[in-house]
Amino acid sequence: MLEHDLLATSSTWAGDEPIGDRVRAVGDAGFAGLSLTVGDLHEVRATMGFAALRRVLDRAGIVWVQLGPLDRWWTSADRSADEEADRGVVFEATAALRAWQVVVRADTTLTVTPNAMLDDWIALAQRTEHLGAQLVLEPEPWSNLPTVERASRFVTAAGHPNGGLLLDAMHTLRGGSTLASVHEGVAPSALAAVELSDGLLHTPAGMTLAEESRAARHLPGSGAWDLPGFVRTVRDLGFDEPWGVEVRTAAHRAMPTAEALRTAAAATRAVLDAADAFGAPAAPAMPSTPAPTSAVDYESSHGAPRSPMPTLPTPRREADSGAPA
């Protein structure tokens, strides 16, 4: 099977250990990337510093660094000092960590129209481009861009080459999209990132979509969704690497971080392997007839008899151990 770069989203590698230890666990589990939340960035700046974190990332083999999501990036008369601080720490970290992408959310208050956000999107795409990263929009079903198809139209209408779209499997499918609508409604030029998780056939009773997103993102391949089909669909649109992995369940959170990361990586690779195998020739059937006599065991009845193999002395072993005496 093919090798794939995986990116651990912030929830997948969350834990109580120091951030440096958890970054090393991400690399040890085979991930080539990770995402840092705005809260993570504030913590790093107040403690170890971004330069030290970049050194830890390098030693762990982390090449894909994704930041965010950032809220309230559009013009707003009531933007708070905390929100301004969030923008500042994201911009600082983008440059210092050599970030690959900066993720932003759409408006979840439903008080801003997408058209009113276009100019700010273009300005932010230019700012992140100057800092060396790509700006990526993550649509959510409870936002003013509730489907990936509408979010794709927003990104393409803005027309900035540094702006892209993140397709999160849960947000995509819970937003009402199908694999066919994604294939037809998402512009290949807009697709910039993909995140994989799994879920139940329907949102659990008593949960809102937002609550499900925070607490019921299951291991890829362990739920009811056609994730191999989702992978093939975004590949057809031109997406390649890395594959984001987002797991959020109580069981995952209860596991030791290193074990949780290894489990998530193995589950995701199994889904990607299934997508890789689609359309490939079927494996040959196992033989059902008695096997022929092995050439190793075959003794010819013709010719001179063979000399017996010399008997080698058996090394003496200590009792109850496998060690030589």
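In this text the structure is predicted, and so the values were computed from the model without any measurement. (Residues numbered from 1 in each chain as written. Predicted model: local features only at pLDDT ≥ 70, side-chain atom pairs only at ≥ 80, totals over all residues. Heavy atoms only, no water.)

Draft legend 1. View of the pairing of strand β2 (residues 33-36). The two faces of β2 match: Gly33 and Ser35 on one face and Leu34 and Leu36 on the other face are all buried. In this structure, strand β1 (residues 6-8) lies alongside β2, joined through two bridges in parallel fashion. Note on β2: the bridge partner recorded for Ala8 is Leu34. With helix α1 (residues 19-28) bridging β1 and the parallel β2, this β-α-β connection has right-handed handedness. Pairing between β2 and strand β3 (residues 64-70): four bridges, direction parallel. Bridge assignment links Ser35 to a residue of β3, and that residue is Gln66. (Buried < 20%, exposed > 50% of the residue type's maximum accessible area, 1.4 Å probe, protein only. Helix = DSSP H or I, 4+ residues; strand = E, 2+ residues; numbered from the N terminus. Pairing = 2+ DSSP bridges. Right-handed = clockwise from strand over helix to strand, strands pointing away.)

Draft legend 2. Spatial organisation of the sheet that holds strand β5 (residues 134-138). Reading around the circumference, β1-β2-β3-β4-β5-β6-β7-β8 is the order of the eight strands in this closed barrel, with parallel pairing throughout. Strand-to-strand twist in this sheet, taken as the mean axis angle between neighbours without regard to direction, amounts to 30 degrees. As defined by bridge partners, β5 adjoins strand β6 (residues 163-168) across three bridges and the pair is classed as parallel. Looking at β6, one finds that Leu135 is bridged to Gly163. Running over the sheet, helix α5 (residues 114-131) touches β4 (101-105), β5 and β6 and is turned about 140 degrees from β5. (Axes fitted to C-alpha atoms, helices over the stretch in contact; angles between N-to-C directions. Contact = heavy atoms within 4.5 Å.)

Draft legend 3. Focus on the environment of Leu53. Mapped onto the fold, Leu53 is located in helix α3 (residues 50-60). In the structure, Leu53 is positioned 34 residues away from Ile19 in sequence and 8.7 Å away in space, judged by C-alpha atoms. Contacts of Leu53, omitting those with residues within four sequence positions, involve Val23, Leu36, Val44, Met48 and Leu97.

Draft legend 4. Layout of the side chain of Thr12. Within the secondary structure, Thr12 sits in the loop between β1 and α1. With relative accessibility at 1%, the residue Thr12 sits in the buried group. Of the polar contacts made by the side chain of Thr12, one reaches the backbone nitrogen of Val247; its length is 3.1 Å. Those residues in contact with Thr12 that sit more than four places away from it in its chain are Val245, Glu246, Val247, His252, Leu261 and Ala264. (Polar contact = N/O pair within 3.5 Å; in protein donor to acceptor, adjacent residues only side chain to side chain.)

Draft legend 5. How the structure looks around the environment of Glu17. Mapping Glu17 onto the fold places it in the loop between β1 and α1. For Glu17, a relative accessible area of 33% gives the class partly exposed. Between the alpha carbons of Glu17 and Pro256 there is a distance of 9.7 Å; along the sequence they are 239 residues apart. Beyond its immediate sequence surroundings of up to four residues, Glu17 is in contact with Arg22 and Thr257. Engagement of the side chain of Glu17 in a polar contact is seen with the side chain of Thr257, the distance being 2.9 Å.

Draft legend 6. Spatial organisation of the pairing of β6. Across the six residues that make up β6, a large majority, six, are buried. Because side chains alternate across β6, one face comprises the buried residues Gly163, Leu165 and Leu167, and the other comprises Gly164, Leu166 and Asp168, equally buried. As a crossover connection, the stretch from β5 through helix α6 (residues 148-158) into β6 is right-handed. Relative to strand β7 (residues 191-196), β6 runs parallel, the two sharing four bridges. Bridging across to β7, Leu166 finds its partner in Ala193.

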